Amino acid sequence: MKSNSEDIDKLIRETLTEEEAKFYDELDEQNFFQMILGLYKGKNSWVTFIMNAVNGLLLVLLIYCIIQTMEVEKTNDLILWLGAVLFCFITMSMIKIYMWMQIHRNALTREIKRLELQISSLSSKIS
């Protein structure tokens, strides 16, 4: 399977111009850290910075709520602090899920661009 994809990549590189081949190489698969750093590039990088700041604040609030949960004596107050702990956990989880969805969107966009480039190179080779 891998040799077939390498053969196809080799054929595609032969049909591409030099700058198209360079662009094609940039669209190659990324490792985990490159995917995470890809969140901080582009038009919506400011959203990533804000969400990470909110996530940090929620972590501090979570630790504070856990400490307060240990020190409280009344049951009603305990329920309120545990509700705050649950809120922090859920909100932090939702932010992380959003980040993972953005990583998958970037990977999908990169793959679509690769397909577009392959189709254009093969169509120029046919004509």
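Quick note: structure is the one above.
Now for a quick tour of the structure. (Residues numbered from 1 in each chain as written. Predicted model: local features only at pLDDT ≥ 70, side-chain atom pairs only at ≥ 80, totals over all residues. Heavy atoms only, no water.)

## So, the overall build of the protein
A count of helical and extended segments in the protein gives five helices and zero strands. Starting at the N terminus and walking to the C terminus, you meet the elements of the protein as α-α-α-α-α. Looking at the protein as a whole, 24% of its 127 residues are labelled buried. When contacts within the protein are restricted to residue pairs at least 6 apart in sequence, those whose partners lie at least 24 apart make up 68%. Carbon and sulfur atoms form 66% of the exposed surface of the protein, whose accessible area is close to 9800 Å². (Helix = DSSP H or I, 4+ residues; strand = E, 2+ residues; numbered from the N terminus. Buried < 20%, exposed > 50% of the residue type's maximum accessible area, 1.4 Å probe, protein only. Contact = heavy atoms within 4.5 Å. Areas by Shrake-Rupley, 256 points an atom, 1.4 Å probe, with all protein chains shown as cover.)

## Brief notes about helix α4 (residues 45-71)
End to end, α4 covers 40 Å across 27 residues, agreeing with the expected 39 Å (1.5 Å per residue, within 8%). Taken together, the buried positions of α4 are occupied by Ser-45, Val-47, Thr-48, Asn-55, Leu-58, Leu-62, Cys-65, Gln-68 and Thr-69. Turning to α4, the residues buried within the fold contact α5 (75-126). (Expected span 1.5 Å × (residues − 1).)

## Description of the packing of aromatic side chains
Within this structure, the stated rule accounts for two aromatic pairs. Ring centres of Tyr-40 and Phe-49 lie 5.0 Å apart, and the angle between their planes is 50 degrees; this geometry places the pair in the tilted category. For Tyr-40, a relative accessible area of 30% puts it in the partly exposed group. When the ring of Tyr-64 is compared with that of Trp-81, the centres are 5.7 Å apart and the planes differ by 75 degrees; the resulting orientation is edge-to-face. Of this pair, Tyr-64 sits in helix α4 while Trp-81 sits in helix α5, placing them 17 residues apart in sequence. Under the relative-accessibility criterion, Tyr-64 is labelled partly exposed at 42%. What makes Trp-81 partly exposed here is its relative accessible area of 24%. (Phe/Tyr/Trp six-rings, centres within 6.5 Å; stacked < 30°, edge-to-face > 60°.)

## Some words on the packing of α4 against α5
Where α4 contacts α5, the two axes come as close as 9 Å, and the packing angle between them is 155 degrees. In terms of their interaxial angle, α4 and α5 are classed as roughly antiparallel. The way α4 lies across α5 gives a crossing that is left-handed. Counted by class, the contact of α4 with α5 contains 21 nonpolar, six polar and one charged residues. (Axes fitted to C-alpha atoms, helices over the stretch in contact; angles between N-to-C directions. Parallel < 35°, antiparallel > 145°, perpendicular 65-115°, else oblique. Left-handed = near helix turned anticlockwise from the far one by under 90°. Nonpolar A, V, L, I, M, F, W, Y, C, P; charged D, E, K, R; others polar.)

## Points about a nonpolar patch on the surface
Taken together, the side chains of Phe-32, Phe-33 and Trp-100 make up a nonpolar region of the molecular surface, amounting to roughly 370 Å² of accessible area. Tracing the chain through its elements places Trp-100 in helix α5. The class for Trp-100 is partly exposed, based on a relative accessible area of 43%. (Patch = residues over 30% accessible without salt bridge, like charges linked within 9 Å, V, L, I, M, F, W, Y side chains within 5 Å. Salt bridge = Lys/Arg side-chain N within 4 Å of Asp/Glu carboxyl O.)

## A word on the state of the cysteines
In total, this model carries zero disulfides according to the counting rule given. Left unpaired, Cys-65 is separated from the closest cysteine sulfur, that of Cys-88, by 4.8 Å. Judged by its relative accessible area of 1%, Cys-65 falls in the buried class. Residue Cys-88 is classed as buried on the basis of its relative accessible area of 0%. (Disulfide = S-S within 2.5 Å.)

## Digging into the nonpolar core
Counting 10 residues, the largest nonpolar core is built from Leu-39, Leu-58, Leu-62, Cys-65, Val-85, Cys-88, Met-92, Ile-95, Met-99 and Ile-103. When contributions to this core are tallied by element, the ones reaching two or more residues are α4 and α5. Among the elements that take part in this core, α5 stands out by supplying six residues, more than any other. With sequence-adjacent residues up to four places away left out, Met-99 is seen in contact with Leu-39, Thr-48, Met-51 and Asn-52. (Core = buried A, V, L, I, M, F, W, Y, C linked by side-chain atoms within 4.5 Å.)

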